[in-house]
Amino acid sequence: MKIGIIGGTFDPIHNGHLYIANKAMEEFSLSKVIFIPTGVSYMKTDVSNAKHRYEMVRLAIKNYPNFEISDLEVFRGGNTYTCETIAELKKTYPEDKFYFIIGVDTLFMMEKWKNFEYIFQNATIIVADREDQNREDKKEKADYLKKNYGAKIKFLEAEKYDVSATLLRAALKIKSPAYKIQAECPDSVICYAEEKHLYDHSPMKENEILALLKLDLKPKRITHTLGVCETADELAKIHDVDVNKVRIAALLHDCAKYFSTEDKVDLCREYGYPVSELELKNPELLHAHAGAALAKAKYGIEDPEIEDAIYYHTTGKPGMSPLTLIIFISDYIEPGRNHSPKLDEFRQIAKNDLNKCAANILEETLLYLDSRPNNKIKAIDPTTKQAYEYYKVFLK
Ligand code: DGI
Ligand code: FE
Ligand code: FE
């Protein structure tokens, strides 16, 4: 028999895994594929309990006659090593051939695995080649492993079927049917995850926030957001501010940027934020307040300091906290910005004196707003003005 083996954290298992297993089975005439959820992973922290991941795989493959599940790794104490798993499987299937299904990334990591030569000697490697992982050097790497260790490596074109477990987890955390998780994950798995509250109580991680943001923001806005994150991170370290909080605030500061005016107003009202006439006439201003609301509503942010930083990132305000100052400043000076000849000077000032930097930014913003056509002059938000009045003493 030719037996496929697919290992993984499966947190959760999704249609991408099932698709790859099926495709490998067809392409290489495998008799069956064994799914092996990892136990304690030494590579990843913070994964769901092995018992639940095992159960989700079991549910997902229930209707596939050629798919099996193995608890070899789940219930093995300590770290999970593939070489040991294969040695175990050889005892059960002494006459059979193994096909170990991996992703492109894993191909580049295998040389660091325990007893990897043993794996190469005892299994053919099937590399599921995903569109988004088009690493130029993969064929070279495969040739190198073949030559040096006698590895048998085959590529499996897995087309564009690309499910992101990160995005799935994030979508499950916000319970958002809008993200078509049904199309990417078997119903039984979604039901199980919801029933056991596997994802809804854990705070969202940076990569999960980013995965969700990419659905709402244009690529240029994502680049800007990452620039703000990088700058804010650097300033937080210099000025001794909580880096994690700063990064979350930076990631989310423009999260509502492309919402319609109506949706922004709704979000503000829902969270009791006042909406002024001036904001209704200049709905662009609303994205900061709506963003603060969305951070709570969708991303589960409960920290009032992060909320404050997002809320005031466009106008600033008198007496900003260091966190709010850093987001306000980073938004203006991140590396992708080039709207003012003074930016390099501001970038230097930010490292030494946040108050002085904010003063300069506010001064320039007011000048810029003032230079807009006449009918827009009135649009200066009173908070921007108050912030300037407060910070202008730092200009000296
Ligand atoms: O969202 P970003 O583009 O990253 O940056 P932002 O949130 O600082 O928004 C920038 C825009 O906000 C910019 O076009 C100037 C405008 N702005 C800042 N303060 C005021 C303002 N617009 C009005 N109408 N009134 C203000 O007081
Ligand atoms: Fe903004
Ligand atoms: Fe911004």
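Conventions adopted
- Residues numbered from 1 in each chain as written.
- Chains lettered and ligands numbered in written order.
- Predicted model: local features only at pLDDT ≥ 70, side-chain atom pairs only at ≥ 80, totals over all residues.
- Heavy atoms only, no water.
- Domains from an automatic or database assignment.
- Near = heavy atom within 4 Å.
- Polar contact = N/O pair within 3.5 Å; in protein donor to acceptor, adjacent residues only side chain to side chain.
- Areas by Shrake-Rupley, 256 points an atom, 1.4 Å probe, with all protein chains shown as cover.
- Helix = DSSP H or I, 4+ residues; strand = E, 2+ residues; numbered from the N terminus.
- Nonpolar A, V, L, I, M, F, W, Y, C, P; charged D, E, K, R; others polar.
- Donors = N, O, S within 2.8 Å, 3.2 Å for Na, K, Ca; no water.
- Buried < 20%, exposed > 50% of the residue type's maximum accessible area, 1.4 Å probe, protein only.
- Core = buried A, V, L, I, M, F, W, Y, C linked by side-chain atoms within 4.5 Å.
- Contact = heavy atoms within 4.5 Å.
- Axes fitted to C-alpha atoms, helices over the stretch in contact; angles between N-to-C directions.
- Left-handed = near helix turned anticlockwise from the far one by under 90°.

Remarks on the domain arrangement of the protein chain
Next, step 1: The domain boundaries assigned to the protein chain delineate domain 1 (2–162) and domain 2 (206–395).
Next, step 2: Taking only C-alpha atoms, the centre of domain 1 and the centre of domain 2 are 44 Å apart.

Quick word on the site of ligand 1
Next, step 1: The full set close to ligand 1 counts 18 residues, and Lys257, Thr314, Arg337, Asp381 and Thr384 are the nearest of them.
Next, step 2: In the environment of ligand 1, an oxygen atom lies 3.0 Å from a nitrogen or oxygen atom belonging to the side chain of His224.
Next, step 3: Note that an oxygen atom of ligand 1 is positioned 3.0 Å from one of the side-chain N or O atoms of His287.
Next, step 4: Protein contacts shield 87% of the accessible area of ligand 1, which totals 570 Å² for the unbound molecule.
Next, step 5: Going through the elements one at a time, α11 (219–238) and α19 (354–371) are the ones with two or more residues in the shell around ligand 1.
Next, step 6: Considered class by class, the residues forming the shell around ligand 1 number four nonpolar, six polar and eight charged.

Structural notes on the coordination of the iron ion (ligand 3)
Next, step 1: Coordination of the iron ion (ligand 3) by the protein is provided by His224 (NE2), His253 (NE2), Asp254 (OD) and Asp331 (OD), with metal-donor distances spanning 2.1 to 2.2 Å.
Next, step 2: Donor residues for the iron ion (ligand 3) sit on one chain with the sequence pattern H-x28-H-D-x76-D.
Next, step 3: Between the two metal centres, the iron ion (ligand 3) and the iron ion (ligand 2), the spacing is 3.4 Å, with Asp254 acting as a shared donor.
Next, step 4: Of the residues examined, His253 reaches a relative accessible area of 0% and is grouped as buried.

Digging into the coordination of the iron ion (ligand 2)
Next, step 1: The coordination sphere of the iron ion (ligand 2), as far as protein atoms go, consists of Asp254 (OD), His287 (NE2) and His313 (NE2), spread over 2.1 Å.
Next, step 2: In the primary sequence, the donor residues of the iron ion (ligand 2) line up as D-x32-H-x25-H.
Next, step 3: Take His313: its relative accessible area is 2%, and that puts it in the buried class.

A look at the nonpolar core
Next, step 1: Residues Leu213, Leu252, Tyr299 and Ile329 are the most contacted members of the largest nonpolar core, which totals 68 residues.
Next, step 2: Every residue in contact with Tyr299, bar those within four places of it in the chain, is listed here: Met204, Ile209, Leu212, Leu213, Asp216, Leu252, Cys255 and Leu294.
Next, step 3: By size, the runner-up hydrophobic cluster in this structure holds 37 residues, among which are Met56, Ala158, Leu172 and Tyr199.

A word on the packing of helix α16 (residues 304–311) against helix α17 (residues 322–333)
Next, step 1: Relative to each other, α16 and α17 sit at 35°, their axes nearing to 8 Å. Note on packing geometry: the crossing formed by α16 with α17 is right-handed. Listed contacts from α17 to Glu305, Ile306, Asp308 and Ala309 of α16 are Leu323, Thr324 and Ile327.
Next, step 2: Class assignment of the residues belonging to the contact of α16 with α17 gives a composition of four nonpolar, one polar and two charged.

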